[in-house]
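What follows is the residue order along each chain.
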Amino acid sequence: MLDTLKPRNGHLGAGIATRAKRVVMVSLRVEVRKKLWGNAGNRCAFPACGQRLVSDAGDPNQFSSQQTAVLGEEAHIRSSKVTGPRYDATYPAEQLNEYENLVLLCPTHHTVIDKDKGRAWPTANVLEMKQAHEAHVDAAMGSPAKSRLELEVALAARIDRWEASIHLAGWEELSRRLNYVVPYVTTEQWFALSQTSAWLAGLDWPHEYPKLAAAFETHGAVLCVLVQHLTDVFVSDGKEHRIRRRHKERWFGGSDGERKYTEAISQFGVDDAVTSVLITELTRTVNLVIQAVNKELIPLYRFNDGPVQMIEGDVFWGLWSSTPRYDPLDWETFPRAYVLSDVAQRVRDELQGGDPRNGVRMDIAAFDPSLNGRGALGRRRLKHTQPVPSSTDEA
């Protein structure tokens, strides 16, 4: 951010709003947001304003998701509404939330350009204003700052691809299915997890972003183990991949029938618990990635959405949501490594063999499946548990 940037005309902060106003945050791709705020230098684009649009209660040059004060508004140049300012029926709907149709403004000047349906500020004038402001910012940037912004826009595009690849918008549904009484995923979800795991395994992360690198390496490691687990113990019927239940597949008769049945149901107990452990840990790593992106790349990432939630329970007993996170978060303990056989053995030990008839239960939320947590339960806690509506999925 160019915090020393001076306005082209007039005094710094000439357009500061005189009263508090609700922050307007458009639903944008990460790449679009990074490019918009970066090219604007964190300043209002209105001539002679120069208002700084993000500040921190502590250090004005540093951000945190807890302390960041956001004044900027991501204004549409052409409205998406027929009755809105500068509406253009010929403009492609899919381009409305793209960089070319957005300008960064303070609340006061967002109101100014949109007043009276934008008659005083037609599209050509707003585009000219944006171009002039960004040219001013570009001229004030040194080569290192330009190179860093270019790299961060590319990283933001990678975050967009990750979100789409892993279907982040559908995370609650994925976690609900893997926490179900008989865990399952759709074939589409299984394929998305597998493809994302393979893609992440081939990525390198710039050393200038150690938290981002550590978060994605940990996330990729858990995802790889989960995909391996799903491949090993889930069976497909074409539309879904569901955990195998050998104890339900045949009648266990004969002199050793009871022993074989106990082995089969115990294996199910372990496989079921490992599934819950891994989706819980994977959700933690998703939230770790979100924290890393906020710390090192864009403090406005998921500004309106916050961390992802995980769904647990079933239709009969009810469903509830939680937000698995590493608490306390110590970046020095990342990245972390995972080995499926190690996780399964420790789960088996915790369940005293795995047979659900013995009444032994695990504290999934406290279990640390990483090699860091070998032989002990972690002290992490899940936060913000709250009820959610029941589902109609069948067992």
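(A) Geometry of the confidence of the model for the protein chain. Put simply, the protein chain has an average pLDDT of 86, and 84% of its residues get 70 or more. This stretch, residues 1-23, has a pLDDT under 50; its non-local contacts, to residues over four places away or in other chains, come to 59 contacts. In the model, residues 375-395 has pLDDT below 50 throughout and makes 63 contacts with residues more than four positions away in sequence or in other chains.

(B) Summary view of the packing of aromatic side chains. Evaluated as defined, the whole model comprises seven aromatic pairs. Aromatic pair Trp-162 and Phe-216: ring centres 5.4 Å apart, planes at 85°, arrangement edge-to-face. On the criterion of sequence distance, the pair formed by Trp-162 in helix 4 (residues 143-166) and Phe-216 in helix 7 (residues 210-233) is long-range, its members being 54 residues apart. As far as burial versus exposure is concerned, Trp-162 and Phe-216 are alike and both buried. For the pair Tyr-180 and Tyr-184, a centre-to-centre distance of 6.0 Å together with 80° between the ring planes defines the contact as edge-to-face.

(C) Up close: the sheet that holds strand 7 (residues 240-243). Overall, antiparallel pairing links the three strands, which are arranged 5-7-6 in an open sheet. Two strands close off the open sheet at either side, each with one partner strand: strand 5 (184-186) and strand 6 (234-236). Each adjacent strand pair in this sheet contributes to an overall mean axis angle of 20°, direction not counted. The pairing of strand 5 with strand 7 spans three bridges and is antiparallel. Along strand 7, the bridge assignment pairs Tyr-184 with Arg-242.

(D) Up close: the packing of helix 4 against helix 7. Between helix 4 and helix 7, whose axes approach to 14 Å, the crossing angle comes to 20°. Our classification of the angle between helix 4 and helix 7 gives roughly parallel. Relative to helix 7, the crossing made by helix 4 is left-handed. Here helix 4 contributes Leu-155, Ile-159, Trp-162 and Ile-166 to the contact with helix 7, which in turn contributes Leu-212, Phe-216, His-219 and Leu-223. Classifying every residue of the contact of helix 4 with helix 7 by side-chain character gives seven nonpolar, one polar and no charged.

(E) How the structure looks around the pattern of salt bridges. Counted according to the given criterion, the structure contains 20 salt bridges. The partner of Glu-31 in a salt bridge is Arg-29, and the shortest N-O contact between them spans 3.1 Å. The closest approach of N and O atoms between Glu-173 and Arg-177, which form a salt bridge, is 3.3 Å. A residue pair is termed a helical-turn pair when its members lie 3 or 4 positions apart in one helix, as Glu-173 and Arg-177 do in helix 5 (residues 171-178) at four residues. Overall, Glu-173 belongs to the partly exposed group, its relative accessible area being 31%. Here Arg-177 falls in the buried class, since its relative accessible area comes to 16%. Where salt bridges share partners, they join Arg-29, Glu-31, Glu-98 and Asp-160 into one cluster.

(F) Just helix 1 (residues 30-39), in detail. Counting buried residues along helix 1, seven of its ten residues qualify, which places the element largely inside the surrounding structure. Positive phi appears at Gly-41, one or two residues downstream of helix 1, with a value of about 65°.

(G) Inspection of the pairing of strand 8 (residues 310-314) at higher detail. Burial of strand 8 is extensive: five of the five residues sit out of reach of the surface. The two faces of strand 8 match: Met-310, Glu-312 and Asp-314 on one face and Ile-311 and Gly-313 on the other face are all buried. In the sheet, strand 8 pairs with strand 9 (residues 318-323) via five bridges, with the strands oriented antiparallel. Looking at the pairing, Met-310 lines up with Ser-322 of strand 9.

(H) Structural context of the state of the cysteines. Throughout the structure, instances matching the rule amount to zero disulfides. Of the cysteine sulfurs around Cys-49, a residue in no disulfide, the closest is that of Cys-44, at 3.7 Å.

(I) Structural detail: the side chain of Arg-336. Residue placement: Arg-336 occurs in the loop between strand 9 and helix 9 (340-350). The side chain of Arg-336 is buried and forms no salt bridge, while Asp-368, the nearest opposite charge, is found at 4.0 Å. In terms of polar contacts, Arg-336 uses its side chain to reach the side chain of Thr-333, at 2.9 Å.

Calculation notes
Residues numbered from 1 in each chain as written. Predicted model: local features only at pLDDT ≥ 70, side-chain atom pairs only at ≥ 80, totals over all residues. Heavy atoms only, no water. pLDDT = per-residue confidence, 0-100. Contact = heavy atoms within 4.5 Å. Phe/Tyr/Trp six-rings, centres within 6.5 Å; stacked < 30°, edge-to-face > 60°. Helix = DSSP H or I, 4+ residues; strand = E, 2+ residues; numbered from the N terminus. Buried < 20%, exposed > 50% of the residue type's maximum accessible area, 1.4 Å probe, protein only. Pairing = 2+ DSSP bridges. Axes fitted to C-alpha atoms, helices over the stretch in contact; angles between N-to-C directions. Parallel < 35°, antiparallel > 145°, perpendicular 65-115°, else oblique. Left-handed = near helix turned anticlockwise from the far one by under 90°. Nonpolar A, V, L, I, M, F, W, Y, C, P; charged D, E, K, R; others polar. Salt bridge = Lys/Arg side-chain N within 4 Å of Asp/Glu carboxyl O. Disulfide = S-S within 2.5 Å. Lys, Arg positive; Asp, Glu negative; His and termini not counted. Polar contact = N/O pair within 3.5 Å; in protein donor to acceptor, adjacent residues only side chain to side chain.

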